[in-house]
Amino acid sequence: MAHDEVVQRYSGLARAAMLGRVILDCDANEFDQGRFGAAGYDDVGGLPEGAVRASLGCGDPVAVAELRDGETVLDLGSGGGIDVLLSARRVGPHGRAYGLDASTDMLELARANAARAGATNVEFLHGDIASIPLPDHAVDAVISNCVINLSDDQPGVLAEAFRVLRPGGRLGVSDVVTDGPTDPARRAAAERRVGCVAGSLAVEEYRSLLRQAGFVGITIRLTGDHGDGVHSAVIRAAKPAIGPGLEIRPMREADATQVLAIYQAGLDTGDASFETLAPSWEGFTAGKLPHLRYVAVDTGSGDVAGWIAASPVSSRPVYAGVVEHSVYVHPGCQAHGIGRALLSAFVAASEDAGVWTIQTGIFPENTASLTLHQALGFRVVGTRERIARHHDRWRDVLFLERRLDHT
Ligand SMILES: C[S@@+](CC[C@H](N)C(=O)[O-])C[C@H]1O[C@@H](n2cnc3c(N)ncnc32)[C@H](O)[C@@H]1O
């Protein structure tokens, strides 16, 4: 559905709610387990009746966002404000809950509900969830309830959620998804039957878009089966954690010069790799998996402080979940936990992507890298003695691997 149509539809519902009418987005009877609207919550006690009645969600994202006292939270597509008001209670007077909605009528309804609730730590913003009117790293958690499916720019929404989250921040979303591969006819039929499902993503598409945005620790749990492959789901993910002033995000082509300079500086130490010259960008990217390449950047200058990337170990399908990685930190940024943060994010992203073994080779002389990898669950499988020559010297390489728990 086009953005303007969506806004018009919800503005109409908001005006009806302001007249005291019961509003319904989807016909709950159309679903096998009608946990839509206020029925999706275990406890809405103490909220104004108008906020509860205007609830158009498909779950309870506040319940999964693990909000803490003093935190800042943003609700994408806040509607009548139910999740903003519930969040405001959780984060307390020292915290802040923002709601963002594209419908001015919905914002009016939400502000009226907030006034009735006496909430002073809330703010409702006007705008599109694909272009969030907040600065980078402004919030600890992003929540959303049955809205992302409505956007005509879902990759843009997730990229924006990633941008406004501080490193280590969480995403907790209720949404409607479809299972299995996307059969357009089946999806269209479901969308005709229940209007609020428009634009729903298949579970694997959702996962892939979250990964592309840079999220790790992704879980998508189906919470209700509505037939025809349509489900309610709870989606959780995190922005990789790293120290202050830094951020981990997917590697981009614009990072090429700095990534390759850091690579060369590592090779120049003589203890990073048998290679002596960093490849061209084309050579670098040709061998690397596009979804497992991250950089740590200084959030002030945008400078790259380190990177991590992986290559498949084999083209044979049986080894599809086995990768080999490299991690390099700028010589001026070492001993600040950047390598550790990059490796932790990479391990989480690899697990999300179905990788079951991560392997790497480390020169025994590179004790810092060895210690880092062992601290994050890698074990030395063996020593490949005098495996190859580096600057005319035969050198040993320690072979390390990290297995996913279930393998
Ligand atoms: C299904 S209702 C859910 C409202 C609320 N989250 C709840 O649980 O009651 C969808 C809401 O998202 C808003 N919305 C839809 N698309 C949007 C977009 N692209 N940007 C901002 N708000 C949007 C609508 O105006 C509406 O208030």
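1. Points about the nonpolar core
Core analysis: the biggest nonpolar cluster contains 34 residues, and Leu-74, Val-142, Tyr-206, Leu-210 and Phe-215 have the highest contact counts within it. Beyond its immediate chain neighbours, meaning those up to four positions away, Tyr-206 contacts Ile-148, Val-173, Asp-175, Val-177, Leu-201, Ile-220 and Ile-235. Within the second largest apolar cluster, 31 residues are counted, among which are Ile-242, Val-329, Phe-346 and Leu-398.

2. A look at unusual backbone geometry
The phi dihedral of Glu-66 is positive, around 50 degrees, even though this residue is not glycine. Within the secondary structure layout, Glu-66 lies in the loop between α3 (61-64) and β1 (72-76). Relative accessible area serves as the criterion here: at 44%, Glu-66 is assigned to the partly exposed category. In this structure, Arg-386 takes a positive phi of about 40 degrees despite not being glycine. Within the secondary structure, Arg-386 sits in strand β14 (residues 379-390).

3. Section: the packing of helix α11 (residues 338-352) against helix α12 (residues 367-375)
Any two packed helices are characterised by how steeply their axes cross, that is the angle between the axes, and by the distance between the axes. With their axes 10 Å apart at the nearest point, α11 and α12 run at an angle of 40 degrees to one another. Of the possible angle classes, the one that applies to α11 and α12 is oblique. The chirality of how α11 crosses α12 is right-handed. Taking contact as the criterion, the partners of Gly-339, Arg-340 and Leu-343 in α11 are, on α12, Leu-372, His-373 and Ala-375.

4. Some details on helix α1 (residues 3-18)
Note: α-helices contain 3.6 residues per turn, so residues at a spacing of three or four share the same orientation. Counted at 1.5 Å a residue, the expected span for α1 with its 16 residues is 22 Å, and the 22 Å between its end C-alpha atoms agrees. Just past α1, the residue Gly-20 takes up positive phi, approximately 90 degrees.

5. Describing the packing of α1 against helix α5 (residues 104-117)
Where α1 contacts α5, the axes come no closer than 7 Å and their chain directions differ by 35 degrees. Crossing of α1 over α5 shows left-handed handedness. In contact with Tyr-10, Ser-11, Ala-14, Arg-15, Ala-17 and Met-18 of α1, α5 contributes Asp-105, Met-106, Glu-108 and Leu-109. Split into classes, the residues belonging to the contact of α1 with α5 amount to six nonpolar, one polar and three charged.

6. Observations concerning the domain arrangement of the protein chain
When cut into domains, the protein chain gives domain 1 (3-238) and domain 2 (246-403). Using C-alpha coordinates to define each centre, domain 1 is positioned 37 Å away from domain 2. Taken together, the contacts link 12 residues of domain 1 with 13 residues of domain 2. Carbon and sulfur atoms supply 59% of the area buried between domain 1 and domain 2, which totals about 840 Å² over both sides. For domain 1, the biggest contributors to the area lost against domain 2 are His-137, Arg-211 and Val-216; these three give 52% of the whole. Applying the counting criterion to the domain 1 and domain 2 interface returns zero salt bridges. On the surface where domain 1 and domain 2 come into contact, there are four residue pairs in polar contact (both at pLDDT 80 or more). Broken down by secondary-structure element, the contributors of at least two residues to the side of domain 1 that touches domain 2 are α8 (203-213) and β7 (216-225). The element best represented in the side of domain 1 that touches domain 2 is α8, accounting for four residues.

7. What to know about the site of the ligand
The local shell around the ligand holds 22 residues, among which Leu-56, Gly-77, Asp-101, Asp-128 and Ile-129 are the closest. At 2.7 Å from an oxygen atom of the ligand is found a main-chain nitrogen or oxygen belonging to Leu-56. For the ligand, a nitrogen atom lies 3.0 Å from a polar atom in the backbone of Ile-129. No other element matches α1, which puts three residues into the shell around the ligand.

The rules we used
- Residues numbered from 1 in each chain as written.
- Predicted model: local features only at pLDDT ≥ 70, side-chain atom pairs only at ≥ 80, totals over all residues.
- Heavy atoms only, no water.
- Core = buried A, V, L, I, M, F, W, Y, C linked by side-chain atoms within 4.5 Å.
- Buried < 20%, exposed > 50% of the residue type's maximum accessible area, 1.4 Å probe, protein only.
- Contact = heavy atoms within 4.5 Å.
- Helix = DSSP H or I, 4+ residues; strand = E, 2+ residues; numbered from the N terminus.
- Axes fitted to C-alpha atoms, helices over the stretch in contact; angles between N-to-C directions.
- Parallel < 35°, antiparallel > 145°, perpendicular 65-115°, else oblique.
- Left-handed = near helix turned anticlockwise from the far one by under 90°.
- Expected span 1.5 Å × (residues − 1).
- Nonpolar A, V, L, I, M, F, W, Y, C, P; charged D, E, K, R; others polar.
- Domains from an automatic or database assignment.
- Buried area = accessible area lost by both parts, 1.4 Å probe.
- Salt bridge = Lys/Arg side-chain N within 4 Å of Asp/Glu carboxyl O.
- Polar contact = N/O pair within 3.5 Å; in protein donor to acceptor, adjacent residues only side chain to side chain.
- Near = heavy atom within 4 Å.

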